[in-house]
Amino acid sequence: MACSVQFLLLLPLILLLSKAASLPHSPTLPKAAIFPVSKDPSTLQYVARVFMGENLDSVNLVVDLNGPSVWMASELKSASQSQQPCSLKCSMAKSIRGGGGGGGAEYNSQGCTLLAENAISRTSASGDLSEDVLAMEFWDGIGPSSFAKSEKFLFLSSPDLLLKGLAHGARGMLGLGDSRISLPSQFSTTFGFFERKFSLCLSPQKGAVFLGGSPQISSSMMFTPLISKKGEGFYYIDVSSIKVSGKKLPLQQKGILDAKISTIAPYTTFESKIYAAFVESYVSAAISMNLSLVQPVAPFEVCFSPKHMENVPIVDLVLQSELVRWRIHGENSMVVVNDEVMCLGFLDGGPNPRESIVVGGYQIEDHLLEFNLGNSMIGFASLLKGEKKCSDFEASSMDREIL
(Lines give C-alpha, C1' and ligand atoms only; values in the text may rest on other atoms or scores of the structure.)
Protein backbone atom coordinates (compact mmCIF):
# COMPACT_ATOMS: atom_id res chain seq x y z
CA MET A 1 0.00 0.00 0.00
CA ALA A 2 1.30 3.47 -0.84
CA CYS A 3 2.45 5.51 2.09
CA SER A 4 0.32 8.56 3.01
CA VAL A 5 1.45 11.48 5.11
CA GLN A 6 -2.12 12.44 5.98
CA PHE A 7 -2.79 12.03 9.69
CA LEU A 8 -6.59 12.25 9.79
CA LEU A 9 -9.43 10.82 7.77
CA LEU A 10 -11.71 13.49 6.33
CA LEU A 11 -14.87 12.10 7.93
CA PRO A 12 -14.42 13.85 11.32
CA LEU A 13 -13.88 17.15 9.53
CA ILE A 14 -17.01 16.68 7.45
CA LEU A 15 -19.01 15.86 10.56
CA LEU A 16 -17.59 18.84 12.38
CA LEU A 17 -18.48 21.24 9.59
CA SER A 18 -21.92 19.68 9.15
CA LYS A 19 -22.57 20.17 12.85
CA ALA A 20 -21.65 23.85 12.54
CA ALA A 21 -23.86 24.28 9.48
CA SER A 22 -26.89 22.86 11.32
CA LEU A 23 -26.78 25.62 13.93
CA PRO A 24 -29.21 28.56 13.55
CA HIS A 25 -26.47 31.20 13.32
CA SER A 26 -23.90 31.51 10.57
CA PRO A 27 -21.40 28.63 10.59
CA THR A 28 -17.99 29.50 11.99
CA LEU A 29 -14.82 27.51 12.26
CA PRO A 30 -13.38 26.96 15.73
CA LYS A 31 -10.54 29.22 16.83
CA ALA A 32 -8.23 26.48 18.04
CA ALA A 33 -7.87 23.06 19.57
CA ILE A 34 -7.30 23.18 23.31
CA PHE A 35 -5.47 20.85 25.70
CA PRO A 36 -5.69 21.43 29.47
CA VAL A 37 -2.46 21.93 31.44
CA SER A 38 -1.91 21.81 35.21
CA LYS A 39 1.19 22.47 37.33
CA ASP A 40 2.59 19.67 39.46
CA PRO A 41 3.39 21.27 42.85
CA SER A 42 6.17 18.79 43.67
CA THR A 43 8.26 18.93 40.49
CA LEU A 44 7.00 22.33 39.19
CA GLN A 45 6.44 20.65 35.82
CA TYR A 46 3.52 21.54 33.56
CA VAL A 47 1.41 18.51 32.73
CA ALA A 48 -1.03 18.28 29.82
CA ARG A 49 -3.91 15.82 29.62
CA VAL A 50 -4.48 14.10 26.28
CA PHE A 51 -6.81 11.31 25.20
CA MET A 52 -5.23 8.50 23.23
CA GLY A 53 -6.03 5.05 21.87
CA GLU A 54 -9.09 3.09 20.88
CA ASN A 55 -10.81 3.84 24.21
CA LEU A 56 -9.51 7.43 24.36
CA ASP A 57 -7.82 6.85 27.70
CA SER A 58 -6.61 9.89 29.60
CA VAL A 59 -2.82 10.24 29.53
CA ASN A 60 -0.77 12.85 31.39
CA LEU A 61 2.28 14.18 29.52
CA VAL A 62 4.83 16.75 30.69
CA VAL A 63 4.84 19.78 28.38
CA ASP A 64 8.20 20.27 26.64
CA LEU A 65 7.99 23.48 24.62
CA ASN A 66 11.13 22.57 22.66
CA GLY A 67 10.48 18.82 22.40
CA PRO A 68 10.69 17.47 18.83
CA SER A 69 8.01 14.82 19.29
CA VAL A 70 5.40 13.32 21.56
CA TRP A 71 6.65 10.23 23.36
CA MET A 72 5.03 7.99 25.94
CA ALA A 73 5.79 4.82 27.84
CA SER A 74 5.39 1.60 25.88
CA GLU A 75 3.23 0.20 28.70
CA LEU A 76 0.37 2.36 27.37
CA LYS A 77 0.03 0.42 24.12
CA SER A 78 -3.60 0.19 23.02
CA ALA A 79 -5.41 -2.15 20.65
CA SER A 80 -5.56 0.60 18.00
CA GLN A 81 -1.84 1.40 18.17
CA SER A 82 0.42 0.27 15.37
CA GLN A 83 4.11 0.60 14.70
CA GLN A 84 4.71 2.74 11.66
CA PRO A 85 6.29 0.64 8.90
CA CYS A 86 6.27 3.47 6.35
CA SER A 87 9.72 4.52 5.14
CA LEU A 88 8.45 7.98 4.09
CA LYS A 89 7.18 8.77 7.58
CA CYS A 90 10.36 7.35 9.05
CA SER A 91 12.39 9.67 6.83
CA MET A 92 10.24 12.59 7.95
CA ALA A 93 10.86 11.70 11.60
CA LYS A 94 14.56 11.32 10.91
CA SER A 95 14.73 15.00 10.01
CA ILE A 96 14.18 16.07 13.63
CA ARG A 97 17.50 16.91 15.24
CA GLY A 98 19.17 13.81 13.85
CA GLY A 99 16.33 11.55 14.86
CA GLY A 100 15.13 13.17 18.07
CA GLY A 101 18.19 12.67 20.24
CA GLY A 102 21.08 12.90 17.87
CA GLY A 103 21.22 9.20 17.06
CA GLY A 104 19.31 9.10 13.77
CA ALA A 105 16.35 6.99 12.78
CA GLU A 106 16.49 3.39 11.65
CA TYR A 107 13.96 1.79 9.34
CA ASN A 108 13.50 -1.90 8.66
CA SER A 109 10.70 -4.36 7.93
CA GLN A 110 9.67 -4.32 11.60
CA GLY A 111 9.22 -0.55 11.72
CA CYS A 112 11.03 2.67 12.49
CA THR A 113 13.05 3.41 15.62
CA LEU A 114 14.59 6.67 16.79
CA LEU A 115 15.64 8.33 20.00
CA ALA A 116 13.13 9.81 22.41
CA GLU A 117 14.53 12.24 24.95
CA ASN A 118 13.63 13.21 28.48
CA ALA A 119 14.74 16.85 28.65
CA ILE A 120 14.41 16.88 32.44
CA SER A 121 16.66 13.94 33.28
CA ARG A 122 18.67 14.58 30.09
CA THR A 123 18.42 10.95 29.09
CA SER A 124 17.36 9.33 25.85
CA ALA A 125 16.30 5.89 24.72
CA SER A 126 15.37 4.22 21.47
CA GLY A 127 11.63 4.18 20.77
CA ASP A 128 9.33 2.86 18.08
CA LEU A 129 7.66 5.37 15.78
CA SER A 130 4.00 4.47 16.19
CA GLU A 131 0.60 5.85 15.36
CA ASP A 132 -2.68 5.84 17.24
CA VAL A 133 -5.89 7.79 17.77
CA LEU A 134 -5.61 11.23 19.41
CA ALA A 135 -8.77 13.09 20.45
CA MET A 136 -8.92 16.85 20.72
CA GLU A 137 -11.41 19.54 21.67
CA PHE A 138 -12.11 22.41 19.30
CA TRP A 139 -12.47 25.67 21.19
CA ASP A 140 -14.23 28.88 20.26
CA GLY A 141 -14.39 30.45 23.70
CA ILE A 142 -18.16 30.91 23.52
CA GLY A 143 -20.42 27.98 22.76
CA PRO A 144 -20.38 24.20 23.25
CA SER A 145 -17.21 22.45 22.21
CA SER A 146 -16.81 20.14 19.23
CA PHE A 147 -14.51 17.14 19.27
CA ALA A 148 -12.63 15.22 16.61
CA LYS A 149 -10.04 12.47 16.35
CA SER A 150 -6.75 12.25 14.55
CA GLU A 151 -6.75 8.61 13.51
CA LYS A 152 -3.04 8.33 12.71
CA PHE A 153 -1.19 10.54 15.15
CA LEU A 154 2.57 9.86 15.15
CA PHE A 155 4.42 9.46 18.45
CA LEU A 156 7.28 7.48 19.97
CA SER A 157 6.56 4.44 22.10
CA SER A 158 9.52 4.42 24.48
CA PRO A 159 10.90 2.31 27.35
CA ASP A 160 9.48 2.99 30.79
CA LEU A 161 12.95 3.81 32.12
CA LEU A 162 12.69 7.15 30.32
CA LEU A 163 9.98 8.24 32.79
CA LYS A 164 12.53 8.93 35.53
CA GLY A 165 12.27 12.49 36.81
CA LEU A 166 8.81 13.17 35.42
CA ALA A 167 5.89 14.34 37.57
CA HIS A 168 3.97 11.62 39.37
CA GLY A 169 1.49 10.02 37.00
CA ALA A 170 3.08 11.45 33.85
CA ARG A 171 3.62 8.81 31.18
CA GLY A 172 5.72 10.75 28.69
CA MET A 173 6.30 14.20 27.21
CA LEU A 174 4.29 16.45 24.90
CA GLY A 175 6.70 17.97 22.38
CA LEU A 176 5.72 21.38 20.96
CA GLY A 177 9.01 22.09 19.15
CA ASP A 178 9.41 23.18 15.56
CA SER A 179 9.82 19.73 14.01
CA ARG A 180 7.81 17.77 11.48
CA ILE A 181 6.31 15.34 14.00
CA SER A 182 5.73 17.63 16.98
CA LEU A 183 2.14 18.14 18.10
CA PRO A 184 1.72 21.60 16.46
CA SER A 185 3.14 20.43 13.13
CA GLN A 186 0.97 17.34 12.94
CA PHE A 187 -2.08 19.38 13.89
CA SER A 188 -1.30 21.93 11.18
CA THR A 189 -0.97 19.17 8.58
CA THR A 190 -4.17 17.47 9.67
CA PHE A 191 -6.42 20.54 9.89
CA GLY A 192 -5.41 22.78 7.02
CA PHE A 193 -7.91 25.53 7.78
CA PHE A 194 -6.00 26.60 10.93
CA GLU A 195 -2.98 28.90 10.92
CA ARG A 196 0.40 27.28 11.56
CA LYS A 197 0.74 28.54 15.10
CA PHE A 198 0.06 27.60 18.68
CA SER A 199 -0.28 29.41 21.99
CA LEU A 200 0.75 28.63 25.53
CA CYS A 201 -0.92 29.96 28.68
CA LEU A 202 0.46 28.56 31.96
CA SER A 203 -0.47 29.31 35.55
CA PRO A 204 0.28 28.04 39.07
CA GLN A 205 -2.98 26.09 38.93
CA LYS A 206 -4.26 25.31 35.46
CA GLY A 207 -3.70 26.58 31.97
CA ALA A 208 -3.90 25.45 28.37
CA VAL A 209 -2.15 24.80 25.08
CA PHE A 210 -3.99 26.15 22.04
CA LEU A 211 -3.23 24.70 18.62
CA GLY A 212 -3.96 26.70 15.48
CA GLY A 213 -4.95 29.95 17.16
CA SER A 214 -5.03 32.13 20.25
CA PRO A 215 -7.76 33.36 22.59
CA GLN A 216 -8.71 37.01 22.29
CA ILE A 217 -7.48 39.09 25.21
CA SER A 218 -7.81 42.72 26.22
CA SER A 219 -4.05 43.12 26.81
CA SER A 220 -1.91 44.41 23.96
CA MET A 221 0.50 41.85 22.54
CA MET A 222 4.10 42.57 21.59
CA PHE A 223 5.90 40.63 18.87
CA THR A 224 9.52 39.70 18.30
CA PRO A 225 11.21 37.33 15.84
CA LEU A 226 11.70 33.69 16.74
CA ILE A 227 15.34 32.83 16.21
CA SER A 228 16.06 29.30 15.06
CA LYS A 229 19.38 27.52 15.22
CA LYS A 230 19.87 25.12 12.36
CA GLY A 231 18.76 21.59 13.09
CA GLU A 232 17.47 22.23 16.62
CA GLY A 233 13.82 23.24 16.41
CA PHE A 234 14.15 25.17 19.70
CA TYR A 235 12.49 28.52 20.37
CA TYR A 236 14.88 31.45 20.95
CA ILE A 237 14.52 35.22 21.09
CA ASP A 238 17.25 37.86 20.92
CA VAL A 239 17.76 40.04 24.01
CA SER A 240 19.68 43.27 23.43
CA SER A 241 19.85 44.32 27.10
CA ILE A 242 18.44 43.70 30.58
CA LYS A 243 17.06 46.45 32.81
CA VAL A 244 16.19 46.52 36.51
CA SER A 245 13.89 49.40 37.52
CA GLY A 246 14.73 51.06 34.21
CA LYS A 247 18.50 50.85 34.71
CA LYS A 248 20.46 48.86 32.13
CA LEU A 249 22.83 46.21 33.45
CA PRO A 250 26.51 47.06 32.78
CA LEU A 251 27.17 43.93 30.73
CA GLN A 252 30.32 43.48 28.70
CA GLN A 253 28.75 41.10 26.22
CA LYS A 254 29.62 41.08 22.56
CA GLY A 255 26.52 41.19 20.40
CA ILE A 256 23.03 40.01 21.25
CA LEU A 257 22.18 37.58 24.04
CA ASP A 258 20.36 34.43 22.97
CA ALA A 259 17.41 33.55 25.19
CA LYS A 260 15.74 30.17 25.01
CA ILE A 261 12.11 29.89 26.15
CA SER A 262 11.52 26.73 28.16
CA THR A 263 8.73 24.99 30.05
CA ILE A 264 11.27 22.53 31.49
CA ALA A 265 13.30 25.10 33.47
CA PRO A 266 11.16 26.06 36.49
CA TYR A 267 12.87 29.46 36.80
CA THR A 268 14.77 31.79 34.50
CA THR A 269 18.55 31.29 34.48
CA PHE A 270 21.33 33.69 33.50
CA GLU A 271 24.92 32.89 32.60
CA SER A 272 27.06 33.49 35.73
CA LYS A 273 28.49 36.90 34.76
CA ILE A 274 25.07 38.18 33.74
CA TYR A 275 23.55 36.73 36.92
CA ALA A 276 26.10 38.49 39.14
CA ALA A 277 25.43 41.87 37.51
CA PHE A 278 21.68 41.22 37.66
CA VAL A 279 21.68 40.34 41.37
CA GLU A 280 23.82 43.35 42.26
CA SER A 281 21.49 45.69 40.40
CA TYR A 282 18.32 44.03 41.72
CA VAL A 283 19.43 44.05 45.37
CA SER A 284 20.44 47.71 45.10
CA ALA A 285 17.07 48.64 43.62
CA ALA A 286 15.17 46.52 46.16
CA ILE A 287 16.93 48.06 49.16
CA SER A 288 16.17 51.53 47.82
CA MET A 289 12.52 50.45 47.84
CA ASN A 290 12.71 49.49 51.54
CA LEU A 291 12.99 45.72 51.00
CA SER A 292 15.19 43.90 53.52
CA LEU A 293 17.47 40.97 52.75
CA VAL A 294 16.99 37.75 54.75
CA GLN A 295 18.72 34.39 54.85
CA PRO A 296 18.35 32.72 51.42
CA VAL A 297 16.37 29.52 50.94
CA ALA A 298 17.60 26.97 48.37
CA PRO A 299 17.54 26.88 45.41
CA PHE A 300 17.38 30.68 45.56
CA GLU A 301 20.40 32.81 46.36
CA VAL A 302 18.66 36.11 47.14
CA CYS A 303 15.69 36.44 49.48
CA PHE A 304 13.81 39.29 51.14
CA SER A 305 11.33 39.96 53.89
CA PRO A 306 7.80 40.11 52.43
CA LYS A 307 7.22 43.48 54.09
CA HIS A 308 6.76 46.15 51.43
CA MET A 309 6.23 43.40 48.85
CA GLU A 310 4.34 45.91 46.72
CA ASN A 311 7.68 47.67 46.15
CA VAL A 312 9.37 45.14 43.90
CA PRO A 313 11.77 46.17 41.11
CA ILE A 314 10.57 45.63 37.56
CA VAL A 315 12.78 43.55 35.25
CA ASP A 316 12.80 44.20 31.50
CA LEU A 317 14.25 41.97 28.83
CA VAL A 318 14.75 44.51 26.03
CA LEU A 319 14.36 42.86 22.63
CA GLN A 320 14.89 44.30 19.15
CA SER A 321 14.29 47.87 20.34
CA GLU A 322 13.67 49.87 23.49
CA LEU A 323 9.97 49.82 22.64
CA VAL A 324 9.76 46.03 22.55
CA ARG A 325 10.42 44.48 25.94
CA TRP A 326 9.35 41.50 27.98
CA ARG A 327 8.38 43.13 31.29
CA ILE A 328 8.56 40.94 34.38
CA HIS A 329 6.55 42.26 37.32
CA GLY A 330 6.85 41.18 40.94
CA GLU A 331 4.33 38.36 40.56
CA ASN A 332 6.69 36.72 38.06
CA SER A 333 9.97 37.66 39.72
CA MET A 334 9.41 37.01 43.43
CA VAL A 335 8.60 33.55 44.81
CA VAL A 336 6.76 33.51 48.13
CA VAL A 337 8.45 30.75 50.17
CA ASN A 338 6.50 31.33 53.41
CA ASP A 339 5.08 34.17 55.51
CA GLU A 340 8.58 35.34 56.39
CA VAL A 341 10.49 34.92 53.16
CA MET A 342 10.14 35.73 49.46
CA CYS A 343 12.96 35.00 47.03
CA LEU A 344 14.16 36.27 43.68
CA GLY A 345 13.03 33.63 41.19
CA PHE A 346 16.10 33.78 38.96
CA LEU A 347 18.99 31.32 39.16
CA ASP A 348 22.66 31.13 38.20
CA GLY A 349 22.92 29.08 35.01
CA GLY A 350 26.67 28.48 35.35
CA PRO A 351 29.78 29.99 33.72
CA ASN A 352 29.47 28.35 30.30
CA PRO A 353 25.84 27.42 29.65
CA ARG A 354 24.57 26.50 26.22
CA GLU A 355 22.26 29.54 26.32
CA SER A 356 23.05 32.87 27.97
CA ILE A 357 19.45 33.14 29.15
CA VAL A 358 16.74 30.53 29.63
CA VAL A 359 13.31 32.06 30.27
CA GLY A 360 11.70 29.56 32.65
CA GLY A 361 8.20 28.57 33.64
CA TYR A 362 7.70 30.91 36.59
CA GLN A 363 8.36 33.96 34.43
CA ILE A 364 6.04 32.61 31.71
CA GLU A 365 3.05 32.08 34.00
CA ASP A 366 -0.03 34.19 33.29
CA HIS A 367 1.47 35.36 30.03
CA LEU A 368 -0.12 34.43 26.74
CA LEU A 369 2.65 33.30 24.38
CA GLU A 370 1.76 32.94 20.70
CA PHE A 371 4.24 31.00 18.55
CA ASN A 372 3.58 31.74 14.88
CA LEU A 373 5.57 29.15 12.95
CA GLY A 374 4.36 30.53 9.63
CA ASN A 375 6.15 33.86 9.96
CA SER A 376 8.67 32.92 12.71
CA MET A 377 7.34 35.41 15.24
CA ILE A 378 6.40 35.14 18.90
CA GLY A 379 3.79 37.32 20.53
CA PHE A 380 3.57 37.80 24.28
CA ALA A 381 1.21 39.60 26.61
CA SER A 382 0.90 39.72 30.38
CA LEU A 383 -2.48 38.70 31.77
CA LEU A 384 -1.61 39.63 35.36
CA LYS A 385 -3.59 42.89 35.28
CA GLY A 386 -6.13 41.92 32.63
CA GLU A 387 -9.67 40.64 32.69
CA LYS A 388 -8.60 37.05 32.12
CA LYS A 389 -5.95 34.79 33.60
CA CYS A 390 -4.56 31.62 32.10
CA SER A 391 -6.67 29.63 34.55
CA ASP A 392 -9.81 31.06 32.92
CA PHE A 393 -9.24 29.18 29.66
CA GLU A 394 -10.76 25.82 30.44
CA ALA A 395 -10.96 22.66 28.41
CA SER A 396 -13.79 20.18 28.69
CA SER A 397 -13.52 16.91 30.59
CA MET A 398 -14.11 15.17 27.25
CA ASP A 399 -17.25 13.49 28.58
CA ARG A 400 -19.32 14.47 25.56
CA GLU A 401 -19.63 12.55 22.34
CA ILE A 402 -16.49 12.65 20.20
CA LEU A 403 -16.85 12.66 16.43
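As shown above, the structure is provided for reference.
Numbering of residues starts from 1 in every chain and runs along the sequence as written. Totals for whole chains, interfaces and linings use all residues, but because this is a predicted model, local features are given only for residues with pLDDT of at least 70 and pairs of side-chain atoms are given and counted only at 80 or more. Values shown for side chains rest on all heavy atoms present in the structure; no hydrogens or waters enter the calculation.

K.L.:
Run through helix α3 (residues 183-190), naming residues and quoting values.
P.N.:
When a residue's accessible area, from a 1.4 Å probe over protein chains only, is under 20% of the maximum for its type it is buried; when over 50% it is exposed; and in between it is partly exposed. Strands here are runs of E lasting at least two residues and helices are runs of H or I lasting at least four, both read from the DSSP assignment and numbered beginning at the N terminus. Counting buried positions along α3 gives 7 out of 8 residues, so the element sits mostly inside the fold. For α3, every residue scored as buried is listed here: L183, P184, S185, Q186, F187, S188 and T190.

K.L.:
Lay out the pattern of salt bridges in plain terms, naming residues and giving numbers.
P.N.:
Salt bridges are defined as contacts in which a side-chain nitrogen from Lys or Arg sits within 4 Å of a carboxyl oxygen from Asp or Glu. Applying the stated criterion across every chain, the model contains 8 salt bridges. As a salt-bridge pair, E131 and K152 come within 3.7 Å of each other at their nearest N and O atoms. Taken together, the residues E131 in strand β8 (residues 123-139) and K152 in strand β9 (residues 146-158) connect sequence positions 21 residues apart. Judged by its relative accessible area of 36%, K152 is partly exposed. Of the charged contacts, one joins R354 and E355 as a salt bridge, the two residues approaching to 3.5 Å between their closest N and O atoms.

K.L.:
Can you explain the pairing of strand β17 (residues 257-261)? Please cite residues and give values.
P.N.:
Most of β17 sits inside the fold, with 5 of its 5 residues counted as buried. Judged by which residues are buried, β17 turns out to be covered on both faces: L257, A259 and I261 on one side and D258 and K260 on the other are all buried. Whether two strands pair comes down to DSSP finding at least two bridges between them. Sheet topology places strand β14 (residues 236-239) next to β17; 4 bridges connect them, and they run antiparallel. Looking across to β17, one finds that D238 is bridged to D258. Sheet topology note: the β17/strand β26 (residues 357-359) ladder contains 3 bridges and is parallel. By the bridge assignment for β26, A259 is matched with I357.

K.L.:
Please provide a residue-by-residue account of the sheet that holds strand β22 (residues 324-328), values included.
P.N.:
For sheets, the rule is that strands pair by backbone hydrogen bonds, running either parallel or antiparallel. A sheet is described by the order of its strands in space; here 4 strands give the open sequence β16-β15-β21-β22, paired in antiparallel fashion. With one partner strand each, in any of the chains shown, β16 (247-248) and β22 form the two edges of the open sheet. The sheet contact formed by strand β15 (residues 241-244) and strand β21 (residues 315-321) spans 4 bridges and is antiparallel. Within β21, the position partnered with V244 by the bridge is V315. Contacts: residue pairs with any heavy atoms within 4.5 Å of one another. Each axis is a line fitted through C-alpha atoms, and for a helix only the stretch in contact is used; angles between axes span 0 to 180 degrees, taken between their N-to-C directions. Helix α4 (residues 272-288) rests against β15 and β21 of the sheet, and its axis sits at about 25° to β15.

K.L.:
I'd like a description of the side chain of D40, backed by residues and values.
P.N.:
The topology assignment puts D40 in the loop between β1 (32-39) and β2 (46-52). This count recognises Lys and Arg as positive and Asp and Glu as negative, with His and chain-terminal groups excluded. Among buried charged residues, D40 stands out as having no salt bridge; its nearest opposite-charge side chain is K39, 9.8 Å away.

K.L.:
Describe the environment of C343, naming the residues involved and giving the relevant values.
P.N.:
Among the structural elements, C343 can be located in strand β24 (residues 342-344). Residue C343 is classed as buried on the basis of its relative accessible area, which comes to 0%. Residues C343 and V297, spaced 46 residues apart in sequence, show a C-alpha to C-alpha distance of 7.6 Å.

K.L.:
So what's going on with the layout of surface pockets? Residues and values would help.
P.N.:
Empty space among the atoms becomes apparent when a probe as large as a water molecule is rolled across them. A cavity here means a set of points on a 1 Å grid, drawn over the protein atoms and nothing else, where a 1.4 Å probe fits but cannot get out; a pocket is an open set with protein on both sides within 12 Å along at least five of seven lines, and a residue lines either one if it has an atom within 4 Å of a point. Grid points are joined across faces, edges and corners, and a volume is the space filled by probe spheres set on the points. By volume, the largest pocket is sized at about 800 Å³. As for the largest pocket, its lining consists of 30 residues, and the residues nearest its centre are A119, R122, K260, I264 and E355. Put simply, the parts of the chain that give the lining of the largest pocket at least two residues each are β7 (111-118), β8 and β18 (268-270). Here the lining of the largest pocket is composed, by residue class, of 12 nonpolar, 9 polar and 9 charged. Residues are grouped as follows: nonpolar covers Ala, Val, Leu, Ile, Met, Phe, Trp, Tyr, Cys and Pro; charged covers Asp, Glu, Lys and Arg; every other residue, Gly included, is treated as polar.

K.L.:
Hey, could you go over the sheet that holds strand β23 (residues 334-336) for me, with residue numbers and the actual values?
P.N.:
If you trace the 4 strands from one edge of the open sheet to the other, you get β19-β20-β24-β23, paired in antiparallel fashion. What marks the edges here is a single partner per strand, and that holds for β19 (293-294) and β23. As judged from the 3 bridges shared by β23 and β24, these two strands associate in the antiparallel manner. Paired with V336 across the strands is M342, a residue of β24.

Interpretation note: all reported values are geometric properties and have no functional meaning in isolation.
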